[in-house]
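These are the residues of each chain, in order.
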Amino acid sequence: MPTYATAEDYTDYTGKPGPDDIGRRLARASERVDELLSHAIYETTAEGFAVDPVLADAISRATCAQAAWTLAVGDEFGTASAFKDVSMGSVRLSRVDTKTGEAPRYAQDAVSILLSAGFLIAVMTW
């Protein structure tokens, strides 16, 4: 599975360097982006990267957004999505999506980038 962004991409996107393990974190973020793109149809290289440079850029930026978000919320593996409340000592955090009652697994910025690039469509109800 490809890692869609580099440490340099992350720095360009966020304006600051990532932590020492940014390569591993970008690989994890690429897994989340793969989940979002699971039904998207686009031409790829043999290595799994988008051929279209505009789409490749969107995937890279979405990966950086996902990595930045997981760093900001401290939930690299998405484990908080299994919990409504998280407590550590006297600190208590509540991560709940108001629509589903579940903690989010994906960065809203990553979803927005992929939506704007045409990879995702709005959910339709009939």
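Structure's up top.
From a predicted model like this one, the values you see are computed outputs, not experimental measurements.

Conventions used here
Residues numbered from 1 in each chain as written. Predicted model: local features only at pLDDT ≥ 70, side-chain atom pairs only at ≥ 80, totals over all residues. Heavy atoms only, no water. Helix = DSSP H or I, 4+ residues; strand = E, 2+ residues; numbered from the N terminus. Buried < 20%, exposed > 50% of the residue type's maximum accessible area, 1.4 Å probe, protein only. Contact = heavy atoms within 4.5 Å. Phe/Tyr/Trp six-rings, centres within 6.5 Å; stacked < 30°, edge-to-face > 60°. Axes fitted to C-alpha atoms, helices over the stretch in contact; angles between N-to-C directions. Parallel < 35°, antiparallel > 145°, perpendicular 65-115°, else oblique. Nonpolar A, V, L, I, M, F, W, Y, C, P; charged D, E, K, R; others polar. Salt bridge = Lys/Arg side-chain N within 4 Å of Asp/Glu carboxyl O. Core = buried A, V, L, I, M, F, W, Y, C linked by side-chain atoms within 4.5 Å.

As for its position among the elements, Ser60 is in helix α3 (residues 53-73). By relative accessible area, Ser60 is classed as buried at 10%. With residues up to four places along the chain from it excluded, the contact list for Ser60 reads Tyr4, Ala5 and Asp9.

Here we come to the packing of aromatic side chains. Scanning all chains against the criterion turns up two aromatic pairs. Their ring planes at 85° and their centres at 6.2 Å tell us that Tyr4 and Phe49 sit as a pair that is edge-to-face. Taken together, the residues span a long stretch of sequence, with Tyr4 in the segment before α1 (7-14) and Phe49 in the loop between α2 (22-36) and α3 at a distance of 45 residues. Note on Phe49: relative accessible area 32%, which makes it partly exposed. Centroid distance Tyr42 to Phe119: 5.0 Å. Interplanar angle 75°. Geometry classified as edge-to-face. Of the two residues, Tyr42 sits in the loop between α2 and α3 while Phe119 sits in the segment after α4 (108-116), which places them 77 residues apart along the sequence. Judged by relative accessible area, which is 10%, Phe119 ranks as buried.

Each pair of packed helices can be summarised by the angle the axes make with each other and by the distance between the axes. Close contact between α1 and α3 brings their axes to 9 Å; oriented N to C, the two are set at 75°. It follows from the interaxial angle that α1 and α3 lie roughly perpendicular. Contacts between α1 and α3 involve Asp9, Tyr10, Tyr13 and Thr14 from the former and Ser60, Arg61, Cys64, Ala65, Ala67, Ala68 and Leu71 from the latter. Here the contact of α1 with α3 is built from residues that sort into seven nonpolar, two polar and two charged.

Attention now moves to the pattern of salt bridges. In the structure shown here, the tally under the stated rule is seven salt bridges. Between Arg28 and Glu31 there is a salt bridge; the shortest N-O distance is 3.1 Å. On the criterion of helical spacing, the pair formed by Arg28 and Glu31 is a turn pair, its members being three residues apart in helix α2. Given the relative accessible area of 25%, Arg28 is considered partly exposed. The shortest N-O distance in the salt bridge between Glu35 and Arg105 comes to 3.0 Å. Taken as a pair, Glu35 in helix α2 and Arg105 in the loop between β2 (91-94) and α4 lie far apart in primary sequence, 70 residues in all. According to the relative accessible area criterion, Arg105 is partly exposed, its value standing at 28%.

For the rest of this paragraph, the subject is the nonpolar core. Formed by 17 residues in total, the largest nonpolar core has its most connected members in Val33, Leu37, Ile59, Ala62, Leu114 and Phe119. At the level of secondary structure, the elements contributing two or more residues to this core comprise α2, α3 and α4. Of all the elements, α3 adds the most residues to this core, at five residues. With residues near it in sequence (within four places) discarded, Leu114 still touches Val33, Leu36, Leu37, Ala58, Ile59, Ala62, Phe119 and Leu120. Within the second largest apolar cluster, seven residues are counted, among which are Ala5, Tyr10, Ala29 and Ala67.

Bear in mind that shape data such as this cannot, by itself, settle questions of function.
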